[in-house]
Amino acid sequence: TENFFDLVGVNYVFTDDKVDLNDKYQLLRNERNIKIWKRNKQTQYFRLLCKHEKNIYDISSIEKLLSNKFNFEKNVIIYENLNVKKCSKDSRLLKTKIDKNKNNFFIAELIEPGGILSTNFVWNKNLIAKDQNNHDLKTIICNVAFTCIVPNIKSSKIYLKYQKPSLFTNLKKKYFSKNLH
């Protein structure tokens, strides 16, 4: 359960008043037969991770993520071969910002970029990542259903936006797909 909460970004749990959670939770409120608990270990929604492992996209990947042996704070599961820049001892994620009213709804600032930037955004092939110089960055599916970004050597800022597919793209996919031939 704890790994699932880490995976999806849960910080608060609501239960009925008959449930008592263990010492990993702090009771915030108990009203109207509902208890509100806060996890003592706060979830990090975004992490710059220097370790990754390639896995097969199947049930074994899910089992690994949900096992107590997987450490989300240090590792990410990917499903393709990547050329990832090694982290230096100074590589880190400085800060992140989400602004759903802006074109780039997510901004991350990095020092000594390396590794993989793991997010809790659900994977969508229409999420486009660029750096501060407007260079495209690779976005991939990671940890079964989430989006990861591979920074380049000069990525001090990463911008993420949703690129709505064009009518041409949709028509091309529908009528000229390899699956139709």
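Residues numbered from 1 in each chain as written. Predicted model: local features only at pLDDT ≥ 70, side-chain atom pairs only at ≥ 80, totals over all residues. Heavy atoms only, no water.

Our next topic: the state of the cysteines. In the structure shown here, the tally under the stated rule is two disulfides. Disulfide partner of Cys 50: Cys 87, at an S-S distance of 2.0 Å. Residues Cys 50 and Cys 87 share a disulfide whose torsion about the S-S bond is about -100°; that sign makes it left-handed. Of this pair, Cys 50 sits in the loop between strand E4 (47-49) and strand E5 (51-54) while Cys 87 sits in the loop between strand E6 (75-78) and strand E7 (92-98), placing them 37 residues apart in sequence. A residue is classified by how much of its surface remains accessible, and Cys 87, at 22% relative accessible area, is partly exposed. The partner cysteine of Cys 142 in its disulfide is Cys 148, sulfur to sulfur 2.2 Å. For the disulfide bridge between Cys 142 and Cys 148, the dihedral angle about the S-S bond is near 80°, and by the sign convention the bridge is right-handed. The two residues Cys 142 and Cys 148 agree in class, both being buried. (Disulfide = S-S within 2.5 Å. Helix = DSSP H or I, 4+ residues; strand = E, 2+ residues; numbered from the N terminus. Buried < 20%, exposed > 50% of the residue type's maximum accessible area, 1.4 Å probe, protein only.)

Before going further, it helps to examine a nonpolar patch on the surface. On the surface, Phe 4, Val 8, Ile 59, Ile 62 and Leu 66 cluster together into a nonpolar patch covering about 400 Å² of accessible area. Sorting elements by how many residues they give to the nonpolar patch places helix H2 (residues 59-66) first, with three residues. By the element assignment, Phe 4 lies in helix H1 (residues 2-8). (Patch = residues over 30% accessible without salt bridge, like charges linked within 9 Å, V, L, I, M, F, W, Y side chains within 5 Å. Areas by Shrake-Rupley, 256 points an atom, 1.4 Å probe, with all protein chains shown as cover. Salt bridge = Lys/Arg side-chain N within 4 Å of Asp/Glu carboxyl O.)

Further remarks concern the sheet that holds strand E1 (residues 12-16). Strand order in this open sheet of three strands is E1-E3-E2, and the pairing throughout is antiparallel. Two strands in the sheet have a free side with no partner beyond their single neighbour: E1 and strand E2 (25-31). Going from strand to strand, the sheet's axes swing by 25° on average, the running direction of each strand aside. Here five bridges tie E1 to strand E3 (residues 34-39), and the two strands are oriented antiparallel to one another. Following the sheet pairing, Phe 14 is matched in E3 by Ile 36. (Pairing = 2+ DSSP bridges. Axes fitted to C-alpha atoms, helices over the stretch in contact; angles between N-to-C directions.)

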